[in-house]
Amino acid sequence: MITDETNPSEFKNIRGGDHSHIKGWGIDADPNNDPTYPMKKRTDVEIEGYTWNRPPLQEKNVEILRSVERFNDTAAFGTSVPPSGLSGAIRRQAYKYSESSYGRWLPLVLADRINVFEGLFDDLMKGYVPNTFAERGWAAEWKHNRTSFVTKIAVTAAVATVITAFLIQKKKKKRMYSVH
């Protein structure tokens, strides 16, 4: 059961309380200090939602994931990489949570990382071997930020060496105990 789902009706702009202790609070409350005054007509309808005519909606030809905070689709949205595979399944689950929830953002970060490997796998299946050095911008980093680049490579190599040594040592111990 998802406990932090929200409905658009729960999102009302309720302005109340004393916020005078916050520096700059209410700076636009004076209509004489408002750059849009007197051109803009003030109404309470702004608080309730749209005060303009919506532009024509973009045509949907792929799956679009929508926030639970929105009751409708935005006028324009990205469709270059629609959700698919394991990363898409994780994204679909993440979008069931509120935008303010770790249950939303942590799975989305995980889905991004998984999508990188899905992309590499797709490339290899199509017979394309990625040029990781160029695609990750390592040539530019070598040219413009060499010290940081060398540090990253050295730290990565050191961590990989420690992990490898640990695994080899663990395997040797396992053999010693299984022989005797």
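Reading the values: the criteria
- Residues numbered from 1 in each chain as written.
- Predicted model: local features only at pLDDT ≥ 70, side-chain atom pairs only at ≥ 80, totals over all residues.
- Heavy atoms only, no water.
- Helix = DSSP H or I, 4+ residues; strand = E, 2+ residues; numbered from the N terminus.
- Buried < 20%, exposed > 50% of the residue type's maximum accessible area, 1.4 Å probe, protein only.
- Areas by Shrake-Rupley, 256 points an atom, 1.4 Å probe, with all protein chains shown as cover.
- Patch = residues over 30% accessible without salt bridge, like charges linked within 9 Å, V, L, I, M, F, W, Y side chains within 5 Å.
- Salt bridge = Lys/Arg side-chain N within 4 Å of Asp/Glu carboxyl O.
- Axes fitted to C-alpha atoms, helices over the stretch in contact; angles between N-to-C directions.
- Parallel < 35°, antiparallel > 145°, perpendicular 65-115°, else oblique.
- Contact = heavy atoms within 4.5 Å.
- Nonpolar A, V, L, I, M, F, W, Y, C, P; charged D, E, K, R; others polar.
- pLDDT = per-residue confidence, 0-100.
- Arc of directions from axis to C-beta.
- Polar contact = N/O pair within 3.5 Å; in protein donor to acceptor, adjacent residues only side chain to side chain.
- Phe/Tyr/Trp six-rings, centres within 6.5 Å; stacked < 30°, edge-to-face > 60°.

So, on to the overall build of the chain. Within the chain one finds six helices and zero strands. From first element to last, N terminus to C terminus, the chain shows the α and β order α-α-α-α-α-α. Burial statistics for the chain: of 180 residues in total, 13% are counted as buried. Summing over all exposed atoms, the chain offers an accessible surface of approximately 15100 Å²; the carbon and sulfur share of this is 60%.

Another point: a nonpolar patch on the surface. A surface patch of nonpolar side chains, about 480 Å² in accessible area, is lined by V155, V159, I163, F166 and L167. Inspection of the secondary structure puts I163 in helix α6 (residues 146-179).

This next bit is on the pattern of salt bridges. One side chain can pair with another of opposite charge once the charged atoms of both are near each other. Here the structure, examined in full by the defined rule, presents four salt bridges. Measuring nitrogen to oxygen at the nearest pair gives 2.8 Å for the salt bridge that ties D112 to R91. Of the two residues, D112 is situated in helix α3 (residues 102-125) and R91 in helix α2 (residues 85-94); the sequence distance between them amounts to 21 residues. E99 serves as the salt-bridge partner of R104, at 4.0 Å between the closest nitrogen and oxygen. Under the relative-accessibility criterion, R104 is labelled buried at 3%.

Right, let's talk about the packing of α2 against α3 for a bit. Taken N-terminus to C-terminus, the directions of α2 and α3 make an angle of 170 degrees; their axes are 8 Å apart at the nearest point. By the criterion of interaxial angle, the relationship of α2 to α3 is roughly antiparallel. Packed against α2, whose contacting residues are G85, L86, S87, I90, R91 and A94, the element α3 presents G103, R104, P107, L108, L110, A111, D112, I114, N115 and E118 at the interface. Of the residues in the contact of α2 with α3, the class split is eight nonpolar, four polar and four charged.

Along the chain, the position of R104 falls in helix α3. Here R104 is in contact with S67, E69, A94, Y95, Y97, S98 and E99, once residues within four sequence places are set aside.

In the predicted model, the chain carries a mean pLDDT of 80, and the fraction of residues at 70 or more is 72%. Across the chain, the element-wise mean pLDDT spans from 58 in helix α1 (residues 45-48) up to 95 in α2.

Taken together, the buried positions of α2 are occupied by S87, G88, I90, R91 and A94. For α2, the angular spread of the buried residues around the axis is 160 degrees, confining them to a single face. Seen from the open side of α2, the exposed residues pointing more than 90 degrees away from its buried face are G85 and L86.

Looking now at the environment of W105. Tracing the sequence through the fold places W105 in helix α3. W105 gets classed as partly exposed once you look at its relative accessible area, which sits at 42%. W105 sits ten residues away from Y95 along the chain, and the two C-alpha atoms are 9.0 Å apart. In terms of polar contacts, W105 uses its side chain to reach the backbone carbonyl oxygen of E99, at 2.4 Å.

Time to look at the packing of aromatic side chains. What characterises a pair of aromatic rings is the spacing of the ring centres plus the angle enclosed by the ring planes. With the rule as written, the count across this model stands at three aromatic pairs. A centroid spacing of 6.3 Å and a plane angle of 55 degrees characterise the contact between W138 and F149, whose relative ring orientation is tilted. Of this pair, W138 sits in helix α5 (residues 138-144) while F149 sits in helix α6, and the two are eleven residues apart along the sequence. F149 sits in the buried class, given a relative accessible area of 9%. Relative to F149, the ring of W142 has its centre 5.9 Å away and its plane inclined at 80 degrees; by these criteria the two rings are edge-to-face. For W142, a relative accessible area of 38% gives the class partly exposed.

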